[in-house]
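Residue-level structure breakdown
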Amino acid sequence: MKKNWFIFNSKNEILLKDNKIPCAEVSPVECPKENHVFEFSEGCSCFGFDGKAPENYEFEGLRAAHLKLERPVHYKAGKASELVNFDLTYRFCPTCGGRLEYSSEISKKCQNCEKEIWPRINPAIIVLIYRGKDEILLSHARNFRGSFYGLTAGFLETGESLEECIKREISEETSLKVKNIRYFASQPWPYPSQEMMGFFAEYESGEIKIQEEELTDCRWFKRGELPEIPPKISMARMLIDYWDTHREEF
Ligand SMILES: [Zn+2]
């Protein structure tokens, strides 16, 4: 029976043929013996492979692959990449250095001290800040690949609540204060191992003072006059689109 083969290298790139997931009875490359093959969904298997792509195949960055794969297939690829990432990068116990072996489909156990290890997921927040009914804050960060404007985002730090994280990131990047923080939605962001959590927050006080190491620009933009914004795959875009189509809620 034919299967879909989701094959990743350690750069989080996925093997494609003719811009599709390879579909065949046998995998186009052999799974190295130290790696594992996972059946993660009906008719779908994945594993890590760090060799060269065979002729007529190519490795493509997982995020960029969203332009080629249909959305449900791209989501599946995201899940598969996390299984493979765990397989490839968690080999030894962080406490004693003993060898880790799988103890369930998504956990490993140290063969020496018996410590159990699960894949690490890094929580990150992203927040749309609005002022009045018709203005939002958008910024251009130095690490954006493109000229678009996005939202304030950052990683949760140890010992922090999500609300504290949101207020700290906004204060660090822009010096502004916000209130009325409300949750919107979340999204796995496997580039690698992140979970994006989207929020809205209302401007409270302060003047914009940008953190120059992080941002090149940050401004209020009016409804109907937005600059280029992030691609549809992103939580930033979902937040902006929601704000743009639900004026009555702001
Ligand atoms: Zn150990």
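Residues numbered from 1 in each chain as written. Predicted model: local features only at pLDDT ≥ 70, side-chain atom pairs only at ≥ 80, totals over all residues.

A few points about the domain arrangement of the protein chain
We note that the domain assignment places domain 1 (3-89) and domain 2 (122-249) within the protein chain. The gap between the C-alpha centroids of domain 1 and domain 2 is 32 Å. Counting from both sides, the interface comprises 8 residues of domain 1 and, opposite them, 6 residues of domain 2. In the side of domain 1 that touches domain 2, the residues fall into 1 nonpolar, 5 polar and 2 charged. (Domains from an automatic or database assignment. Contact = placed C-beta atoms within 7 Å. Nonpolar A, V, L, I, M, F, W, Y, C, P; charged D, E, K, R; others polar.)

Overview of the sheet that holds strand 9 (residues 116-117)
One open sheet accounts for 3 strands, arranged 7-8-9; its pairing is antiparallel. Among the strands making up the open sheet, the edge pair consists of strand 7 (100-104) and strand 9. Sheet topology note: the strand 7/strand 8 (residues 107-110) ladder contains 4 bridges and is antiparallel. Counted as the bridge partner of Tyr102 is Lys108 from strand 8. (Pairing = 2+ DSSP bridges. Helix = DSSP H or I, 4+ residues; strand = E, 2+ residues; numbered from the N terminus.)

Regarding the environment of Arg99
Tracing the sequence through the fold places Arg99 in the loop between helix 1 (71-89) and strand 7. Of the residues examined, Arg99 has 12 C-beta atoms within 10 Å and is grouped as exposed. Residues Arg99 and Glu70, 29 residues apart in the sequence, show an inter-C-alpha distance of 38 Å. Apart from residues no more than four positions distant in its own chain, Arg99 is found in contact with Phe92 and Gln111. (Buried ≥ 20, exposed ≤ 12 C-beta atoms within 10 Å, placed from the backbone.)

Side note on the environment of Pro72
Position of Pro72 relative to the elements: it lies in helix 1. A count of 8 C-beta atoms within 10 Å places Pro72 in the exposed class. Sequence-wise, Pro72 and Gly48 are 24 residues apart; in three dimensions their C-alpha atoms are separated by 21 Å.

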